[in-house]
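Below are the chains, spelled out letter by letter.
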Amino acid sequence: MSPDLPPVVPSVTAELVGALPPRLRKRLDAGVTKLVARPAVRDGDTVRIAVDDDTDLVLHAPGGAVTRADAIRCGCLLAPDCLHRAAAASAAPVADEAPAGDPEKPETPDEPETAPAAEAGDDAANAGRRAAARAVSDAAAAVLEAGTDGAGAVLQAELLHAAHTARLAGLPRLSAAAVAVVTGVRAARSGDPGYRLTDLAGALAGVLGVAHRLPHATGPELTDLRGTARQPYRPDGSLRLYGLFSEPVLTATGYAGAVTWTADAEGRLYTVSDVAPGGPARATGAADRAVRIGDTSLTHRELSRAGLAVSGATVSPTGRLGAGAGVRAVRASGVAWRAEPLDRLWAEPAAEQVSRALNGGRDLLFLEVTPVGAVRETAGDCLLADCDGLSVLLTTAHDDPSLPCRENLRLLAAAGRGRLRIVARLVPGPFPRALLLAAEHPADPDARVDLGLDRLQHADLPGGAVAPPDRVLPAGDEAPLHLLRRRVHQAVSGGRRVLAFAGDRPGDGARLRRAGLATAGDLLDDLHAAAADRSRDVFGRLLPADTDRFGRSWLAAAVYTDAVERALCADAWGATATGAGGARPPGDPDPLR
């Protein structure tokens, strides 16, 4: 996936790949690899790629995205039926087919919610919904069957086509979940540093889970599984908001920008964002752009420390402020974190905050901690902190070297001050862990640092500050759930063949059962059996694999693993977890809920 290319809507990619003859389909992955190595030059809404010395490929993206197949033009002799057009669409980030401005909210501000084309009780609508769910399920199962190593551009296009079909059938949640899988697969295959295997496993479990439940759902469950194409904005009168912090947004889909968090006098959180196609430079630059609300000239960086008075406010269900024509906003004074009304955010016990996050609420944590020291992990240094007797591991929110996250965390560990208020995002796991987003300034508790945007210097540290020695995280008696989780993740990356060839390690099932995880042992056995289940015809030739059975076995194992991990996370924080929702990154369609 190339961030230099404009996003392309799923229907365009599916159309261009579907039009290729079989001989060119076999060469598509090689064509994508070759194309992304060529330089792309952007001129306004147009991106031009020199395929060779005599041939140019042009992508026209009015509004920031390619929405029509004829907007990708090639000058080669085989055009328009050439490999280059399909390769460009397959290499580009996936755009939302709604008239969206960013990946977090695929809707036009203040636009009413899109209604489905027909009521749930309509027979034709039900049939269309089932067919669309089946198509997405089959395409996603084929991706799982192949794993990221084998899920090339053709399989991706088939899943994008199914996502487009689901969208037309009035199933935007299923469509978004399918697109998330394609995005994750492309990030894995391109070596994107932002790729996380656990995220792709969650996306696959989400799309398969929604597709499995949709044909049988009714009433409120059906409404929830359908989702909405646009988040409805509702009037919220006048608001007096206080800036909390800003964070950069940098996604694997080629979007970047900044989100600023604010709170009202009652502690309700509201966000203002500026996210569009781009890379790390846009993520850092967006902090100094004016917020898009009313006539205010405040930048995101300034708003994170100041305040805002809004009249005629409109707000989405997630707390995002609309920017409609009737909204008015002016700058107001801000307050320190230790002053009212922001002080109350840190008054809530950590366990209660984690419980809310695990049960589908916001995943931000407002904690007061004492830094203990750095902890070395494979992915890099982390900060071990004490939170009222609980050891919490704080990690960076972004690994991109153009953002100051990692260096700021290192300096914060060396600050040597006592109690420190922070804002972090929960990372579910058997050990208390969170992504560090903002913190009080090491030398001035009345100031704050946005750790993804502001850059701390050695001069900012209190006099005589010395980095404490690296610590080794004490090993606890962790339940051996990793025995099942490892196989779930191996299937995502290597496909069915990895589990079929590897077989179950001797004693893995028994070890799970001895630990009281009998269901996990049974699921592990079933997963290996489904992976190895290949029938042969009378001539001894392998018959096509039963991707449906393997998909169901893998989904059962993935959902069980997620549920147990959430329970372990709740236990680690002393919290409670009920229901199937969970903490997730911004923009995630949460298809498992």
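A few points on the structure.

Conventions we followed
- Residues numbered from 1 in each chain as written.
- Predicted model: local features only at pLDDT ≥ 70, side-chain atom pairs only at ≥ 80, totals over all residues.
- Heavy atoms only, no water.
- Helix = DSSP H or I, 4+ residues; strand = E, 2+ residues; numbered from the N terminus.
- Buried < 20%, exposed > 50% of the residue type's maximum accessible area, 1.4 Å probe, protein only.
- Contact = heavy atoms within 4.5 Å.
- Areas by Shrake-Rupley, 256 points an atom, 1.4 Å probe, with all protein chains shown as cover.
- Axes fitted to C-alpha atoms, helices over the stretch in contact; angles between N-to-C directions.
- Parallel < 35°, antiparallel > 145°, perpendicular 65-115°, else oblique.
- Left-handed = near helix turned anticlockwise from the far one by under 90°.
- Nonpolar A, V, L, I, M, F, W, Y, C, P; charged D, E, K, R; others polar.
- Pairing = 2+ DSSP bridges.

As a further point, take the overall build of the protein chain. The helix and strand inventory of the protein chain stands at 18 helices and 15 strands. The buried share among the 593 residues of the protein chain stands at 50%. Expressed as a percentage of contacts within the protein chain between residues at least 6 apart in sequence, the contacts between residues at least 24 apart total 65%. Entry remark: accessible area of the protein chain is about 25300 Å², with carbon and sulfur atoms responsible for 53%.

With that settled, the discussion passes to the packing of helix α14 (residues 482-494) against helix α18 (residues 547-573). It is at 10 Å that the axes of α14 and α18 come closest, and there the two elements cross at 135 degrees. Viewed along their axes, α14 and α18 adopt a mutual orientation that is oblique. For the crossing formed where α14 meets α18, the hand is left-handed. Contacts between α14 and α18 involve Leu-484, Arg-485, Val-488, Ala-491 and Val-492 from the first element and Phe-550, Trp-554, Ala-557, Ala-558, Tyr-560, Thr-561 and Glu-565 from the second. Taken together, the residues that form the contact of α14 with α18 break down as 9 nonpolar, 1 polar and 2 charged.

Let's shift gears to the sheet that holds strand β9 (residues 328-332). Strand order in the open sheet made by the 5 strands is β7-β6-β5-β8-β9, with antiparallel pairing throughout. What marks the edges here is a single partner per strand, and that holds for β7 (269-277) and β9. Averaged over all pairs of adjacent strands, the angle between strand axes in this sheet comes to 35 degrees, irrespective of strand direction. Where strand β8 (residues 307-315) and β9 come together, 5 bridges link them in antiparallel fashion. Bridge pairing in β9 links Ser-311 to Arg-328.

Relative to the helices and strands, Thr-561 resides in helix α18. Look past the residues within four positions of Thr-561 in its chain and what remains in contact with it is Leu-481, Leu-484, Arg-485 and Val-488.

Another aspect to go through is the pairing of β8. Bridge count for strand β5 (residues 234-250) against β8 is 7 bridges, and the pairing is antiparallel. Residue pairing for β8: Arg-240 is matched across the bridge by Ala-309.

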